[in-house]
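# Residue-level structural notes
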Amino acid sequence: MTDLRRSPAVLTALLSLSLLTVVYAQSNGDQLNIMQSEPPRSMDPADQTATFTGNVLMPMYEGLTRFNKALEIEPLLATKWTVNKAGTDWTFTLRSGVQFQDGTPFNAAAVVASFQRQLDEKRGLAASGRFRSVIDKVTAVNPTTVRFTLKKPYPAFPRLMSGDAAFIVSPAADKKGTLGRQPVGTGPYSFVEWKSGEYVLEKANPKYWGKQPSIQNLKWTWTSEPSVMNLAIQSGQVDMVNPLPPIFTQVLKNNPKVTLLEGKGASVFWLALNTKLKPLNDVRVRQALNYATDQKALVATLLRGYGTPANSPLAPADFGYDPTAPGYPYDMAKAKKLLSDAGYPNGVTISVASQEPDSNIVQALQGMWAKAGITLKIMQMESGVWSQAAFGTPEEKAKAGINSSFASWSAGTLDADGQLSPLYATSSASPAGANLGFYSNPKLDALLAQGSAETDSAKRKSIYAQAQRIISQDAAHVLLYYPSDIAAVQSNVKGVWIFPGGGIQLEDATKNK
């Protein structure tokens, strides 16, 4: 029998569930209640890079292109596009009769304004680095035609246009400076309220240009407590939890009122190693951490088998992934020898900046690495604090003593460039990009530049195969695993699917009362 007086986790879960009962008391068939593992970071799609923030924004915004369920690129706010022979001019024909939720017309001028703010370094938008590295200028040819002139050929450009950061925002809302809190797009849902720490509410957009959604309201909540997620979905207090903590998959499989959704994972989980700070400035120490990591054990225990060990910085769903990349086998003896060769025969002490939902992962690494003489100090942080710390400068991280940062990444483009350039290119070093460990290799930079511009698919794959091996040899990250995307929905909810990487697709969602 569990003693509740001595179980803070259980008390927290029960208290949170009682609060959820109040929050969802008005729930009915006209509202879909979705619980995620973290809160949104911004309502401006260009000022965030988080999958679960993107899920909240996706019903309210749209881009020029999107992936369909077959993972093929198709038109959305654009109806078609062409590219010149040089591969540098992409011309999009825009959909007519579309307006933003604030009544502002959608046209070529709006698209130009949406991307010009991305190209303006002074704006400092979190996701804009990817566009500045590719796009030279954006021009309105006429009200329904827009041309993107690229700095170099970029064959994955239609894929780049499908991501959250490429959502088109209302130019009027951008001028007001309110997008961070009050989103305005062209999507099937419009914004109602963001009550910090509690929920985001969205309602069906009656002026939407396309098919009206079946469900009238979406309510997003969040918790970092896996037990709260489990109780909420089992009790029917929420209609969906994403991602479903793997520990609860077995019990929910046996619940006829709940359906499990599993998608093809595109996320890579890793520790970015601070290559500017001792002892991780020594490649042998970085390699030792990789050899001391039992990936199979992590997949078996933390993911309950819903995932695979990472052999590459690319995920299997990404174009260019090399299944033959060697990765790092678990070899504790080799880890100890590398540490000794590097001048640390008695082991090393390093720190990791992590968020609360990831505490079980870094704690598992802490216990695992102790066998090799590696002491891992966990610096657990709230999401916003972690973002500031993880994306700090080398000087800021040195002052804070941050040797590594735990994170994950999913290229929404499902393309090698979208996965590798933001994380490993020298120009992507934080705070400019997501290269959180300041890793730099000129040979890799040259390969990434070559691969991003190569139009021949076979040649691109060959280039990225080389890149994956360089990154692995240099041990820029401790690569852990590729988790399967798992969510749980009430059985009366249909039509929801998961895009690789954890993106919830709700355009065809229905809910029976």
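See the structure shown above.
Let us look at the structure shown here.

Cut-offs and rules
Residues numbered from 1 in each chain as written. Predicted model: local features only at pLDDT ≥ 70, side-chain atom pairs only at ≥ 80, totals over all residues. Heavy atoms only, no water. Helix = DSSP H or I, 4+ residues; strand = E, 2+ residues; numbered from the N terminus. Rg over C-alpha atoms; globule rule 2.2 N^0.38 Å. Buried < 20%, exposed > 50% of the residue type's maximum accessible area, 1.4 Å probe, protein only. Contact = heavy atoms within 4.5 Å. Pairing = 2+ DSSP bridges. Axes fitted to C-alpha atoms, helices over the stretch in contact; angles between N-to-C directions. Parallel < 35°, antiparallel > 145°, perpendicular 65-115°, else oblique. Left-handed = near helix turned anticlockwise from the far one by under 90°. Nonpolar A, V, L, I, M, F, W, Y, C, P; charged D, E, K, R; others polar. Lys, Arg positive; Asp, Glu negative; His and termini not counted. Salt bridge = Lys/Arg side-chain N within 4 Å of Asp/Glu carboxyl O. Polar contact = N/O pair within 3.5 Å; in protein donor to acceptor, adjacent residues only side chain to side chain. Core = buried A, V, L, I, M, F, W, Y, C linked by side-chain atoms within 4.5 Å.

### Some thoughts on the overall build of the protein chain
Helix and strand counts for the protein chain stand at 17 helices and 23 strands. Relative to the compact-globule value of 24 Å for 513 residues, the protein chain shows a C-alpha radius of gyration of 23 Å, a close match. Projecting the C-alpha coordinates of the protein chain onto the three principal axes gives extents of approximately 70 × 65 × 40 Å. Residues counted as buried form 56% of the 513 residues belonging to the protein chain. Taking the intrachain contacts of the protein chain between residues at least 6 apart in sequence as the baseline, contacts between residues at least 24 apart amount to 69%.

### Structural notes on the side chain of Gln-118
With respect to the element layout, Gln-118 can be found in helix H3 (residues 108-119). For Gln-118, a relative accessible area of 2% corresponds to the buried category. Each residue touching Gln-118, except ones within four places of it in the same chain, is listed here: Ala-46, Ala-127, Ser-128, Phe-131, Arg-132 and Ala-165.

### With respect to the sheet that holds strand E11 (residues 240-242)
In space, the seven strands of this open sheet follow the order E8-E9-E10-E1-E11-E19-E12, with mixed pairing throughout. Of all strands in the sheet, those with a lone pairing partner are strand E8 (189-195) and strand E12 (258-263), marking the two edges. Put simply, the sheet's adjacent strands are angled 20° from each other on average, direction ignored. Sheet analysis places E11 next to strand E19 (residues 485-490), joined by two bridges and oriented antiparallel. By the bridge assignment for E19, Met-240 is matched with Val-489.

### A word on the packing of helix H9 (residues 283-291) against helix H11 (residues 332-341)
H11 packs onto H9 with a crossing angle of 165° between their chain directions and a minimal axis gap of 8 Å. When the axis of H9 is compared with that of H11, the two are roughly antiparallel. Crossing handedness for the pair H9 and H11: left-handed. On H11, the residues touching Arg-284, Val-285, Gln-287, Ala-288 and Tyr-291 of H9 are Met-332, Lys-334, Ala-335, Leu-338, Leu-339 and Asp-341. Residues belonging to the contact of H9 with H11 are distributed by class as follows: seven nonpolar, one polar and three charged.

### Examining the side chain of Glu-202
Considering the arrangement of structural elements, one finds Glu-202 in strand E9 (residues 199-204). It turns out Glu-202 is buried and unbridged, and the closest side chain with the opposite charge, Lys-203, is 12 Å from it. At 3.2 Å, the side chain of Glu-202 forms a polar contact with the side chain of Trp-220. Excluding its chain neighbours within four sequence positions, the residues that come into contact with Glu-202 are Val-56, Pro-59, Met-60, Tyr-189, Ser-190, Val-192, Gln-216, Asn-217, Leu-218 and Trp-220.

### What about the pattern of salt bridges?
Tallying each qualifying case throughout the model produces 12 salt bridges. Among the ionic contacts, a cluster of salt bridges with common partners joins Asp-44, Arg-117, Arg-123 and Asp-174.

### Quick look at the environment of Phe-319
Along the polypeptide, Phe-319 turns up in the loop between strand E14 (307-309) and H11. The exposure class of Phe-319 is buried, given its relative accessible area of 18%. With sequence-adjacent residues up to four places away left out, Phe-319 is seen in contact with Leu-314, Leu-414, Asp-415, Ala-416, Ser-457, Arg-460 and Lys-461.

### Quick notes on the nonpolar core
Ranked by size, the top nonpolar core spans 61 residues in total, and within it Leu-64, Phe-92, Phe-115, Phe-148, Phe-157 and Met-161 carry the most contacts. Counting residues per element, this core draws most heavily on H3, which supplies five residues. Residues in contact with Phe-148, not counting those within four places in the same chain, are Leu-64, Thr-88, Asp-89, Trp-90, Phe-92, Val-111, Phe-115, Ile-135, Lys-137, Val-138, Phe-157 and Met-161.

### Overview of the sheet that holds strand E16 (residues 374-381)
Pairing is mixed in the open sheet, where six strands are placed in the order E14-E18-E13-E17-E15-E16. The open sheet has two edge strands, E14 and E16, and neither has a second partner. The average undirected angle you get between the axes of adjacent strands in this sheet is 30°. Here three bridges tie E14 to strand E18 (residues 477-483), and the two strands are oriented antiparallel to one another. By the bridge assignment, Pro-309 is partnered in E18 with Tyr-481. Against the sheet, helix H12 (residues 359-370) makes contact with strand E13 (267-273), strand E15 (348-355), E16, strand E17 (404-410) and E18, and its axis sits at roughly 165° relative to E16, the strand it touches most. In the packing of helix H15 (residues 416-424) onto the sheet, contacts are made with E13, E17 and E18, and the angle to E17 comes to roughly 160°.

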